[in-house]
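Below, each chain spelled out in residue letters.
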Number of protein chains: 2
Amino acid sequence: MSLGPGAVEYLAPKAQEALKAARVVVGYQTYITLITSLLTHQEVVATGMQGEVKRCQAAIDRARAGQWVALVSGGDAGIYGMAGLVLELCAVQGLKVGQVDSNDELDFSLEVIPGIPALTAGAALLGAPLMHDFAAISLSDLLTPWEIIQRRVEAAAQGDFVIVLYNPKSKKRDWQLKAVVELVLRYREPLTPVGLVRRARRAGEEIIVTTLEHLPKQPVDMQTIIIVGNSQSFQYGPYLVTPRGYLAKYQVGDQ
Amino acid sequence: MSLGPGAVEYLAPKAQEALKAARVVVGYQTYITLITSLLTHQEVVATGMQGEVKRCQAAIDRARAGQWVALVSGGDAGIYGMAGLVLELCAVQGLKVGQVDSNDELDFSLEVIPGIPALTAGAALLGAPLMHDFAAISLSDLLTPWEIIQRRVEAAAQGDFVIVLYNPKSKKRDWQLKAVVELVLRYREPLTPVGLVRRARRAGEEIIVTTLEHLPKQPVDMQTIIIVGNSQSFQYGPYLVTPRGYLAKYQVGDQ
C-alpha cells in the first residue's frame, strides 16, 4: 500500500483503514516513522535501505500464514515501489494471488492501494509542470544499466517530454545528473526551466526553480525529485508551468 | 484541487478539508457528481466538456472577489488537469498569485492539492505495470498537433518506456489508437502485454489485460487508460508486471 508524500493529511481513507486493519506493518524504517501516529496494536517489521527483497519476502510469508499485512511504500507503491517486487517474488515462487473477492483458490489475497506519487506531490508544489506529456526516469544504476538510462533520457529529450528524474543522486552516485543534463542540453535550451522538490509535504521541504544549465549546481540528494520542462514550459513568479494548449486554441474569454 | 479516481475513500483528508472550507466549488459536471455527498453549503458552478477556460476563469474571478474557491479536477489536477490552465490564465492577465503564506501582496492565494492520478489508480488495479521508467502521452489532438503526439509515441517506444495512454479514443476520434499501435509495433513485440482500465474505482469499473496486437479490438473510450508494457513486462495471473530488476540483481533469499 501507498503512503503518499508522508503527511497523514495526504493519506487516503482507504490506506488509513488498511493500516488499522493490519496485524503486521512491513516497510523501510524511514516510511514507518512517518506513520507512527497511526500505529497502535500492529507488529512492525522495519528494514533498512536495499532490504527490499527481504522486506517483500517477509510480507509474503506473513500473508501466507494468514495474517493481515500492510506492506508500505512511500509515494505510490506502483511507481518504483514495492508492489512489483511482491508480484515478481510470487511469480518466481509459483504462488497464486489475486483480489480478495477472487473466485479462485489463492495462496493469499492481495490488493495494491494507490497513493499520491512523489511526482504529483512535487509537481503541485511547483505549480503545474506536468500539464503535458511527460516521462519518468530513475537515475539509479544500481538495478538498471547506465546505457539504458542514457538511452531513455535521450529518447525523452528528443520527444520533447517533460522529464521527471527520480533518484537523481546519492552519496555513492554523484556524476549521473551532470551527464544527464549534458545529454538533455543537446535537445533543449539552456534556459529551459527546471523545478526541484526535496521532501515534499514533509519536515525540511525545499522547492527550487532554476534552469537546465544551472541544474548541476543545485543541492540534490536521493530525496529530491527533479522536473525538467519541455520546450514550451515557462516560469511564472514562483511557478513552473507547462502549457496544455488551451490558450493557443481558444481566445481567452472566447467561450 | 484533485479528486483522485472518484470514490471518497481515495480522497485525501487535505482535499476533503478544502472542499468543506470552500464557498464555491467549480468543476466539470461529471466530477461534481462524484463528490455530491461531500457538498453541503457550497455554491456549485458546473460546466460541460470543453468549458475548461470558462471554468478556470470563473474560479479566478471568484477568488479575486475574496471567496474561497475549490476548483476540482478528476485524478490529479496537475496531470492534464486544471492547475496549469489557471496559472496560464493568471500569467496572461498579469495576476500575482502565490501560496497562502506568501509575503508578497497577491491578487489571490492559490494552492494546488495533489491527488491519486488516473495512471496510478489504474496501475494498482493491473498489479504493477509502472515499476520502471514510463511515459504518459495523451492521444487527444484537440489541443496538440498529431505530428507531436506521433513523435512522442515513437520516442517512448524507442526508449523502451512503459507507455501510459490518456484519452485514447472519443466519439469523434476513432483512428488514433490504431495508428499508435502500428507505430509501437515497429519497436515492440506483438505479444507485449497491455492493460486497460476503465472507470478505475468507480461504478462500472473494467479491467482488461491483453496484448499489443489485440489492443485495437478492445472496447476503449475517453474514460479508459491504457498501459503498454516495456520489453520486460509480463503477465502473471490477472496481473501486468514490469520488473524493476531486483531479482536479476540479487538472488532471492540472498539478503
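Residues numbered from 1 in each chain as written. Chains lettered and ligands numbered in written order. Predicted model: local features only at pLDDT ≥ 70, side-chain atom pairs only at ≥ 80, totals over all residues. Heavy atoms only, no water.

### Points about the side chain of T224(B)
All names here are of chain B.
Then comes step 1: Note on placement: T224 falls in strand β11 (residues 224-228).
Then comes step 2: Here the side chain of T224 touches D221 through a polar contact of 3.0 Å, landing on its backbone nitrogen.
Then comes step 3: Every residue in contact with T224, bar those within four places of it in the chain, is listed here: L165, N167, P168, L196, V197 and R198. (Helix = DSSP H or I, 4+ residues; strand = E, 2+ residues; numbered from the N terminus. Polar contact = N/O pair within 3.5 Å; in protein donor to acceptor, adjacent residues only side chain to side chain. Contact = heavy atoms within 4.5 Å.)

### Looking at the packing of aromatic side chains
Then comes step 1: Taken as a whole and judged by the stated rule, the model has 9 aromatic pairs over all chains.
Then comes step 2: A ring pair is formed by Y28(A) and Y31(A), whose centres lie 5.5 Å apart and whose planes are at 75°; its orientation type is edge-to-face.
Then comes step 3: Using a relative accessible area of 23% as the deciding quantity, one classes Y31(A) as partly exposed.
Then comes step 4: Seen in terms of ring centroids, F134(A) and F134(B) are 6.4 Å apart; in terms of plane orientation they differ by 75°. Their pairing is edge-to-face. Here the residue F134(A) occupies a position in strand β7 (residues 134-138), and F134(B) occupies one in strand β7 (residues 134-138), the pair thus bridging two chains. (Phe/Tyr/Trp six-rings, centres within 6.5 Å; stacked < 30°, edge-to-face > 60°. Buried < 20%, exposed > 50% of the residue type's maximum accessible area, 1.4 Å probe, protein only.)

### Quick word on the domain arrangement of chain A
Interface size is commonly expressed as the accessible surface area that is lost when the partners come together.
Residues and elements named next belong to chain A.
Then comes step 1: Taken domain by domain, chain A consists of domain 1 (8-109) and domain 2 (118-241).
Then comes step 2: On a C-alpha basis, the centroid separation for the pair domain 1 and domain 2 is 29 Å.
Then comes step 3: Each partner contributes residues to the interface: domain 1 has 8 residues there, and domain 2 has 9 residues.
Then comes step 4: When domain 1 packs against domain 2, the two sides together hide about 660 Å² of surface, and 67% of this comes from carbon and sulfur. (Domains from an automatic or database assignment. Buried area = accessible area lost by both parts, 1.4 Å probe.)

### Focus: helix α3 (residues 52-64) of chain B
Residue and element names in this part refer to chain B.
Then comes step 1: Between the first and last C-alpha of α3 there are 18 Å, a value that for 13 residues agrees with the 18 Å anticipated at 1.5 Å per step.
Then comes step 2: Those residues of α3 that fall on the buried side of the exposure criterion are E52, V53, R55, C56, Q57, A59, I60 and A63.
Then comes step 3: Looking one or two residues past α3, G66 carries a phi angle of roughly 95°, positive in sign. (Expected span 1.5 Å × (residues − 1).)

### Things to note about the interface of chain B and chain A
Then comes step 1: Listed as interface residues are 89 residues of chain B and, on the opposing side, 89 residues of chain A.
Then comes step 2: Between chain B and chain A, roughly 7700 Å² of surface is buried when both sides are summed, and carbon and sulfur atoms account for 61% of that area.
Then comes step 3: Summed over the three residues of chain B that lose the most area to chain A, namely L143(B), R152(B) and Y246(B), the buried surface amounts to 10% of that side.
Then comes step 4: In this structure, the connection of chain B to chain A is made through 6 salt bridges.
Then comes step 5: Salt-bridge contacts for R201(B) lead to E111(A); the nearest nitrogen and oxygen are separated by 3.3 Å.
Then comes step 6: Counting across the interface, chain B meets chain A through 30 residue pairs in polar contact (both at pLDDT 80 or more).
Then comes step 7: Ranked by residues supplied to the side of chain B that touches chain A, first place goes to helix α4 (residues 83-92) of chain B with 9 residues. (Salt bridge = Lys/Arg side-chain N within 4 Å of Asp/Glu carboxyl O.)

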